[in-house]
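Single-letter residue listing:
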Amino acid sequence: MTPNLITEGEIFNGSSTNGYHELNGVHDGSYSNGHSELNDVPLIAEQGFGTRAIHVGQDPDPYTGAVIPPISLSTTFKQSSIGAHKGYEYSRSSNPTRSAFEQSIASLEKAKYGIAFSSGSAATATIVTTIGTGGHIISVSDVYGGTNRYFSKVASTQGISTTFVDLIDPQNIEPVFRPDTKIVWVETPTNPTLRLIDIQKVAQITHNHGAILVVDNTFMSPYFQNPIELGADIVVHSVTKYINGHSDVVMGVAVMNDETIYEKVKFLQNAIGAVPSPFDSWLANRGLKTLHVRMKQHQENALTIAKFLESSDKVEEVIYPGLESHPQHDLAKKQTRGFGGMLSFRIKGGFEAADTFLRSVESLAEHPARMTHASLTPEHRETVGVTDNLIRLSVGIEEVTDLIADVQQALEIA
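So, here is what we can say about the structure in this document. (Residues numbered from 1 in each chain as written. Predicted model: local features only at pLDDT ≥ 70, side-chain atom pairs only at ≥ 80, totals over all residues. Heavy atoms only, no water.)

1. A short note on the overall build of the chain
Regarding its fold elements, the chain presents 13 helices and 11 strands. Split into buried and exposed, the 414 residues of the chain put 54% on the buried side. In the chain, the proportion of contacts linking residues at least 24 apart, taken out of those at least 6 apart, comes to 70%. Surface exposure of the chain reaches about 18,200 Å², of which carbon and sulfur atoms provide 51%. (Helix = DSSP H or I, 4+ residues; strand = E, 2+ residues; numbered from the N terminus. Buried < 20%, exposed > 50% of the residue type's maximum accessible area, 1.4 Å probe, protein only. Contact = heavy atoms within 4.5 Å. Areas by Shrake-Rupley, 256 points an atom, 1.4 Å probe, with all protein chains shown as cover.)

2. Focus on the packing of helix H11 (residues 350-360) against helix H13 (residues 400-413)
Orientation of H11 relative to H13, taken along the N-to-C sense of each, is 140°, at an axis distance of 8 Å. For the element pair H11 / H13, the angle class is oblique. Crossing of H11 over H13 shows right-handed handedness. Every residue of H13 that contacts H11 at Thr356, Phe357 and Ser360 is listed here: Asp406, Val407, Gln409, Ala410, Leu411 and Ile413. By residue class, the composition of the contact of H11 with H13 is five nonpolar, three polar and one charged. (Axes fitted to C-alpha atoms, helices over the stretch in contact; angles between N-to-C directions. Parallel < 35°, antiparallel > 145°, perpendicular 65-115°, else oblique. Left-handed = near helix turned anticlockwise from the far one by under 90°. Nonpolar A, V, L, I, M, F, W, Y, C, P; charged D, E, K, R; others polar.)

3. Focus on the side chain of Ser363
By the secondary structure assignment, Ser363 is in the loop between H11 and strand E10 (365-366). On the basis of relative accessibility, which here comes to 18%, the residue Ser363 falls in the buried class. Setting aside chain neighbours within four positions, we find Ser363 in contact with Leu403 and Asp406.

4. What about the packing of helix H2 (residues 96-108) against helix H8 (residues 278-288)?
Running from N to C, H2 and H8 point in directions that differ by 30°, and their axes come no closer than 8 Å. In terms of orientation, H2 lies roughly parallel with respect to H8. Like other packed secondary-structure pairs, H2 and H8 cross with a definite hand, here left-handed. From H2, Thr97, Arg98, Ala100, Phe101, Ser104, Ile105 and Leu108 reach across to H8, where they touch Pro278, Ser281, Trp282, Ala284, Asn285 and Leu288. Its residues assigned to classes, the contact of H2 with H8 shows eight nonpolar, four polar and one charged.

5. Topic: the nonpolar core
In terms of nonpolar packing, the biggest core is built from 73 residues, with Phe101, Trp185, Val186, Leu213 and Met256 touching the most fellow members. Here this core gets five residues from one element, more than from any other, and that element is helix H3 (residues 120-129). Of all hydrophobic cores here, the second largest spans 29 residues; its members include Tyr320, Ala332, Ala354 and Ile391. (Core = buried A, V, L, I, M, F, W, Y, C linked by side-chain atoms within 4.5 Å.)

6. A closer look at the packing of aromatic side chains
Enumeration according to the criterion identifies eight aromatic pairs in this entry. With a centroid separation of 5.1 Å and 80° between ring planes, the pair formed by Phe49 and Tyr223 is classed as edge-to-face. In this pair, Phe49 is assigned in helix H1 (residues 49-55) and Tyr223 in helix H6 (residues 221-224), connecting sequence segments 174 residues apart. Tyr223 matches Phe49 in its accessibility class, with the two residues each being buried. For the pair Tyr113 and Tyr262, a centre-to-centre distance of 4.2 Å together with 15° between the ring planes defines the contact as stacked. Note that Tyr113 is positioned in strand E1 (residues 113-117) and Tyr262 in helix H7 (residues 259-272), a separation of 149 residues in sequence. Each residue in the set Phe49, Tyr223 and Phe224 is aromatic and connected to the rest through ring pairs, giving one cluster. Sitting over the face of the ring of Phe351, Arg370 holds its NZ or CZ atom 4.0 Å from the ring centroid. (Phe/Tyr/Trp six-rings, centres within 6.5 Å; stacked < 30°, edge-to-face > 60°. Lys NZ or Arg CZ within 6 Å of the ring centre and 35° of its normal.)

What is shown is where atoms sit, not what they do.
Below, the structure written as structure tokens:
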């Protein structure tokens, strides 16, 4: 019988533990302890995002048949003879639970390799280490404050220099290249001003100069954007954010296709040792299973709140790629499959109004100038648009009416 195509909406209950999906027929869902062996079924098209999120890196335990692989807490693994092991010897080097997560996230980013770290900052530091003393980085000017801090105050002490460039126009990067430029580092959308970078155009210019392109995809998640397909060499995430999605893990990851790049980063992952615990890896892998469901709701809520803020007389500007008023709305539609759950706005009344708003709101909101981007100089913040009246909202998946009511009452107080 010809197998049916799977769509993301057909995944039983979003979990591989309490349902069974019949690829070759219809099942009434009454089978409660089965497991769908998708890898054993010939599909006539690539599996959908939700299918891969639930099944890749989720092989049943070969000894017990448990459909959720157990957490491997062991630090060391038995060898049948000297140097003869089953792929694992010491958990800093590799761990089965971490490997499962790495396989899953690589699949979702449409990459060959995944390498997990103890934080997004650890992933950044490890990648930068690959270029060595004397290397040069070109970074988008309004990069995440923690990344700017690392480039400016840590990498600079190791003989690695960084030039920050406004990349709204990709051609701005051309005159900044030097013979020692090794990495171009971008975020899109940027944090917190949500400006977009044309990944494909920047990738072409970067590769013409023999450098590699790193894209921080944290804000979009692999559900809405896959930079590897647009020419990026490495994609990084703060797993802490959308990928884990439950505010209980600090973790990072890097994915790539090039084997040489993979081997360099993998070596440093082991040598530096900034690896996540098995438990954190398990939690992050669990979070991946619902990423597609959550991101849809994040986006739906964010767009509704953005439109509400646009209608408020207490707001100067709303910055959200999903709004037609965003100057790069067309690029967002071309480059991504959605607009994400992050939005920023400028409140009337300056810092005082922003401070009052943040004291009054229950939703996850922050003041970039005094929080995530406090390490930037006032001049740099002004240049990239991180003003004292800028507020960033991480829109959640609660009922949107409740979120709007929360934002509205805070605006009225401010």
